[in-house]
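# Examining the three-dimensional arrangement
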Amino acid sequence: MKMTTKKDNKNKLIIPAGHFASDWFKCSNCGYEERKKIHPDQTISTCSKCGGRAYRQ
């Protein structure tokens, strides 16, 4: 996989090359809704608020 490296003063950020889609996700645990960029084939993400499973809406 091709990787892009971006260097900051504090952190080194590695961004994988690929196609990403942003979509809305809703957590099944706490109900928190957020917009995330993930790979189009994935339908489940992790909630950034509680750590539960967030599903694509």
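Up top is the structure.
Residues numbered from 1 in each chain as written. Predicted model: local features only at pLDDT ≥ 70, side-chain atom pairs only at ≥ 80, totals over all residues. Heavy atoms only, no water.

### Observations concerning the overall build of the chain
To be explicit about the condition: Counting from the N terminus, the helices are DSSP H or I runs at least four residues long and the strands are E runs at least two residues long. Using a 1.4 Å probe on the protein chains alone, a residue whose accessible area is under 20% of its type maximum counts as buried, one over 50% counts as exposed, and one in between counts as partly exposed. Only heavy atoms matter for contacts: two residues are in contact if any of them lie within 4.5 Å across the pair. Note on areas: Shrake-Rupley with a 1.4 Å probe; residue coverage comes only from the protein chains shown.
For the chain, the helix and strand inventory stands at zero helices and six strands. Here the chain holds 57 residues, and the buried ones make up 16% of them. Restricting to contacts in the chain with at least 6 residues of sequence separation, those with at least 24 account for 20%. Accessible area of the chain: about 4800 Å², with a carbon and sulfur share of 48%.

### Quick word on the pairing of strand β6 (residues 53–56)
Worth spelling out the cut-off: Strands qualify as paired when DSSP identifies two bridges or more between them.
Note: strand β3 (residues 21–27) against β6, three bridges, orientation antiparallel. Bridge pairing in β6 places Lys26 opposite Tyr55. In sequence, strand β5 (residues 44–46) turns back onto β6 through a hairpin of six residues, with Gly51 there showing a positive phi of about 90°.

### Some words on the pattern of salt bridges
Applied cut-off: Here, a salt bridge means any side-chain nitrogen of Lys or Arg that lies within 4 Å of a carboxyl oxygen of Asp or Glu.
Throughout the structure, instances matching the rule amount to two salt bridges. For Arg56, the salt bridge identified is with Asp23, shortest N-O distance 3.2 Å. With Arg56 in strand β6 and Asp23 in strand β3, this residue pair connects regions lying 33 residues apart in the sequence. Relative accessible area serves as the criterion here: at 22%, Asp23 is assigned to the partly exposed category.

### Side note on the sheet that holds β3
Rules: Axis angles are defined between N-to-C directions and span 0 to 180 degrees, where every axis is a line fitted to C-alpha atoms and, for a helix, only to the segment in contact.
The four strands lie next to each other as β4-β3-β6-β5, forming an open sheet whose pairing is antiparallel. Looking at the sheet topology across the chains shown, the edges are occupied by β4 (33–38) and β5. This sheet shows a mean twist of 45° between the axes of neighbouring strands, independent of strand direction.

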